[in-house]
Every structure is written in C-alpha cells, then in structure tokens.
Number of protein chains: 2
Amino acid sequence: MEEFHTNIGENIKRIRKERNLSLDKTSELTGVSKTMLGQIERGKSAPTITTLWKIASGLRLSFSSLVSQYKPNVTIVKKKEVNPIIENNGQYRVYPLVPYNPEQQFEIFSVTLEPGCEHIAEPHTTGVEEFILVNEGTLEVVVNEQVYIVEPEDTLIFKADRPHIYRNNGDHIVKCSVVIHYSSQ
Amino acid sequence: MEEFHTNIGENIKRIRKERNLSLDKTSELTGVSKTMLGQIERGKSAPTITTLWKIASGLRLSFSSLVSQYKPNVTIVKKKEVNPIIENNGQYRVYPLVPYNPEQQFEIFSVTLEPGCEHIAEPHTTGVEEFILVNEGTLEVVVNEQVYIVEPEDTLIFKADRPHIYRNNGDHIVKCSVVIHYSSQ
DNA sequence: TACATACGTGCAATATAACGTCCAAACTCT
DNA sequence: AGAGTTTGGACGTTATATTGCACGTATGTA
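Rules and cut-offs
Residues numbered from 1 in each chain as written. Chains lettered and ligands numbered in written order. Predicted model: local features only at pLDDT ≥ 70, side-chain atom pairs only at ≥ 80, totals over all residues. Heavy atoms only, no water. Salt bridge = Lys/Arg side-chain N within 4 Å of Asp/Glu carboxyl O. Helix = DSSP H or I, 4+ residues; strand = E, 2+ residues; numbered from the N terminus. Buried < 20%, exposed > 50% of the residue type's maximum accessible area, 1.4 Å probe, protein only. Contact = heavy atoms within 4.5 Å. Buried area = accessible area lost by both parts, 1.4 Å probe. Pairing = 2+ DSSP bridges. Axes fitted to C-alpha atoms, helices over the stretch in contact; angles between N-to-C directions. Near = heavy atom within 4 Å. Nonpolar A, V, L, I, M, F, W, Y, C, P; charged D, E, K, R; others polar. UniProt positions renumbered as here; feature names shortened; annotations may be inferred. Least-squares fit on C-alpha atoms with pLDDT ≥ 70 in both.

**Description of the pattern of salt bridges**
So, step 1. Summed over the entire model, instances satisfying the criterion amount to 19 salt bridges over all chains.
So, step 2. A salt bridge links Arg 60 of chain A to Glu 107 of chain B; the shortest N-O distance between them is 2.8 Å. Linking Arg 60 of chain A in the loop between helix H4 (49-58) and helix H5 (63-67) with Glu 107 of chain B in strand S3 (residues 106-113), this pair reaches from one chain into another.
So, step 3. The class for Glu 107 of chain B is buried, based on a relative accessible area of 4%.
So, step 4. Here the residues in one salt-bridge network are Glu 118, Glu 140 and Arg 167 of chain A, joined through shared partners.

Following this line, the structure appears as structure tokens:
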C-alpha cells in the first residue's frame, strides 16, 4: 500500500519478460523512455497516469492487469497490534483489521461497545452496505427509526447510506465484526 | 486519450461535489494537498499513481471509477481522414479506425489488400483473438497451415497468438473490417 | 457596514518524474 | 580471441508533480 508502485513495476517487468521484449523495444512501443521504464520496473519512481496510460496502451493491457496487487498467500493480523479508533469516551472502539483498498472494495473492523454505550454513526455515501456479525453480547441497531436486536452469532445486513445508531443496552460487553462494502457507482 | 488525465479530474470533481466535500475536507480524507487536488480536478497536472492511490483509498473508490472515460454519445470516424499503415509496397493498407484503449480492450481496423497481395502477420501475444469481416473480394487466411477461404459477408474468428497469413488470390480488391481483442490475462 | 468563515485558486519552493546520453556487462558472430 | 550488437542501468538535465502559504471571492452574521 505505501509501496504500491512497486507492484506496477513488477507487473510490467513480468509481462515484458513474458513477451521477450527489451526495454528499448518497449520504449518504442509505448513512447515512454527506456530509462523511465527501467525505473518504474525497479520501483525507483512512481509513474504519472499519463505514462501509465501510454504503457497500458502500447502493450495492449488493461489498467487492472497493471495495478493488480501481489497478494501474499497468508497474512495474519493481530488485533492487539492494531491501534483502535476511540469514540464515546472509550466506550466505543473500532479496530481496523483490513483497511480499504481500491481493488477489493471493502474494509473490515472489529468493534467493541461497553455496556450502556450508544454510538450515532454518520451516514455513508450511497451504495454502501454494512454487514455486522455479533460475536459477544446483544447489539441494538437503529436504522430508519426501526430497532433491530442482533443476538450473538447473528448477522445484520443493511444499506448504510442513512444515519444509524449502535447501542449496547445489556450489561455485557458487545463485540462484533463489521464488513463495509463500497460499491463504486 | 492524449488529454487522458482530464477525465480523472472530472471524475474526482464530480464525486466530490456529489458528496458535498470541500477541497480542504478531501485533502484531509486523502492526505493529498488541497492545491494538488484542485490542479488535478482542473486538469492542470497528471497525478502519479501513488497520489491517485491515496485519493481512491481516502474516498473509498475503485480505480475504474476514477479512470472511467467520458464517452461522447456519438462519434464519427471518416476513413478518408485516417492515415493508413502501409505495408507490402502499398498493396496492404491498414486503417486504424478505433485505436486501442485500456478500458475497452480491443481495436478496430479497416484493411485493404490489392490483388495478388500476401501479407505475413506476426503472431500476437497469447489470448489475442481476431475477428475478420470480409466486405469485398475473397480473402484467404492461413492459420496453423490450414487455409480458410472467407467470402464477402462472411466472418473469420481465430486466436491470433500464432503466425498467420492474409492473402488475396483473386483479381478484385479485398476490403475487410478487423476487430482485435486483447484479453488481459 | 463590518466582520467572520469557508471555499477555490495563484505563487514560490521543493521533490521527483521523464528524458537523452553514455557506459559496462552479456551475448552474438565470424 | 576480437569486433559488433544488444541489454539494462548510471549520470546530469529538464519538465512537472506536490506542497505550504497567502490571496480573493463569496456567503452568512451581528
């Protein structure tokens, strides 16, 4: 993510090698200088979208084939090592486990609500859908003035483009996993 | 195409306005300076992919929603105004009518073969498919040592990742439309 | 009117993308 | 082995992306 452009470099180099093209030949096909191509491949510079466009066009590639991320087979995220976002005086804590990324258009949080906590969430943009999987405690969610009671092991799915409220009316802590999906209109 | 980055600017501005965001707020969400955002929106500068990444992530957008081209409703391409690519001493002429573009992953040519012309085409990369629609004359195409006779109003479809030969053995000119599709593996 | 706030843009400084030229290593050919 | 060719990378220069600061305009408020 912070080293995002290295992906593109690797993709270009792989495709170039698959086609047995030299940097010179690729430069000729794309109209991008050999030096620049080499630097992009080695991750030494991040191209502007105009040069990326030239590369994609010259090599007859789609954008997605260039920006596609290399995914490690296995990744483990330790919640203890994730800095939570604190709200409601620490009663409402959000742990971003899988941050958003333009390719996979969703993000995953773990959310904790202390007993008595009521959190009012801003409406998201249109097309956003939330999936709430309750792990512990009983969660109350208000959407469209309607109250939904979500028991442990139950899941609530709703369009989050309107204001909604999370509430823990029990005396036990509430822990839930939240997946937010952003549909690019 | 040459003014490609203006598209992205328009897309960002449109989305930002839809969400009632100021440049300041957008800068805060994306980590890209307000000035830069303004320049990108106005087409005054072409962002690098790292800043585009920041914008897409901060605004929870996909890449495709940012790079999507504005398509005019109607476009007319006059073959007379298209510079053909000349080969075989002018006996083989290729008119690029619709150039390749990374979004729509194909290109369209009009091809003319004078009588007696034989053109040997380089193999394309794997995954490339050709669609040949013969308009005038009778075209012979050799693929995998197999000769195919394509009469007027007939269409030949074949995977073009191997050498192939176009031949006009008749005494009438051959004109055909060719669509080449590149599947981004 | 005067003041305040929010918004978009202009300007100067800096970082870096993009280019042309040159160079060293590897690979052909006799 | 030696000359020529191809390859990828290094260096210096130019173009431009990116930033922070400041300015002008609009809108609302007392």
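**Observations concerning the interface of chain B and chain A**
So, step 1. Across the contact, 31 residues belong to chain B and 30 residues belong to chain A.
So, step 2. Across the chain B/chain A interface, buried area totals approximately 2900 Å², and carbon plus sulfur atoms make up 71% of it.
So, step 3. On the chain B side of the contact with chain A, Ile 49, Trp 53 and Arg 60 of chain B bury the most area, a combined 26% of that side's loss.
So, step 4. Counting across the chain B and chain A interface gives two salt bridges.
So, step 5. The set of elements that each furnish at least two residues to the side of chain B that touches chain A consists of helix H1 (4-18), helix H4 (49-58) and helix H5 (63-67) of chain B.
So, step 6. Of all the elements, H4 of chain B adds the most residues to the side of chain B that touches chain A, at six residues.

**A look at the sheet that holds strand S9 (residues 164-167) of chain B**
Residues and elements named next belong to chain B.
So, step 1. Taken in spatial order, the four strands make up an open sheet running S4-S9-S6-S7, and their pairing is antiparallel. With partners counted over all chains shown, the strands left at the sheet margins are strand S4 (118-121) and strand S7 (146-150), one partner each. Each strand axis lies, on average, 20° off the axis of its neighbour in the sheet, ignoring direction.
So, step 2. As paired elements, strand S6 (residues 139-143) and S9 share four bridges and run antiparallel to each other. Residue pairing across strands places Val 142 opposite Ile 165, the latter belonging to S9.

**A look at the sheet that holds strand S10 (residues 174-182) of chain B**
All names here are of chain B.
So, step 1. Read across the open sheet, the six strands follow the order S1-S2-S3-S10-S5-S8; overall the sheet is antiparallel. Edge positions in the sheet fall to strand S1 (85-87) and strand S8 (155-159), since each of these pairs with one other strand and no more. Here the strands of the sheet are splayed against their neighbours by 20° on average, with no regard to which way each runs.
So, step 2. When S1 meets strand S2 (residues 92-98), the two strands line up antiparallel, connected through three bridges.

**Regarding the protein's contact with DNA strand C**
So, step 1. In the vicinity of DNA strand C lie 20 residues, with Ser 45, Thr 48 and Thr 51 of chain A together with Leu 23 and Arg 42 of chain B positioned nearest.
So, step 2. Looking at DNA strand C alone, sugar and phosphate atoms form 69% of those within 4 Å of the protein.
So, step 3. Of all the secondary-structure elements, those providing two or more residues to the surface near DNA strand C are helix H3 (34-41) of chain A together with H1 and helix H3 (34-41) of chain B.
So, step 4. Classifying every residue of the surface near DNA strand C gives five nonpolar, nine polar and six charged.

**Concerning the UniProt feature "domain: HTH cro/C1-type" (unreviewed entry) in chain A**
So, step 1. Here the UniProt feature "domain: HTH cro/C1-type" (unreviewed entry) sits at residues 12-66 of chain A.
So, step 2. With 67% helix and 0% strand, residues 12-66 of chain A has its two end C-alpha atoms placed 7 Å apart.

**Some thoughts on the relation of the copies chain B and chain A**
So, step 1. Placing chain B over chain A gives an RMSD of 0.1 Å and needs a rotation angle of 180°, together with 0.1 Å of translation along the axis. One copy is carried onto the other by what is essentially a two-fold rotation axis. Taking C-alpha positions as the reference, the residue of chain B nearest the rotation axis is Thr 48 of chain B, at 1.8 Å.
So, step 2. An overlap of 97% is found between the interface residues of chain B and their copies at the interface of chain A, pointing to a shared contact surface.

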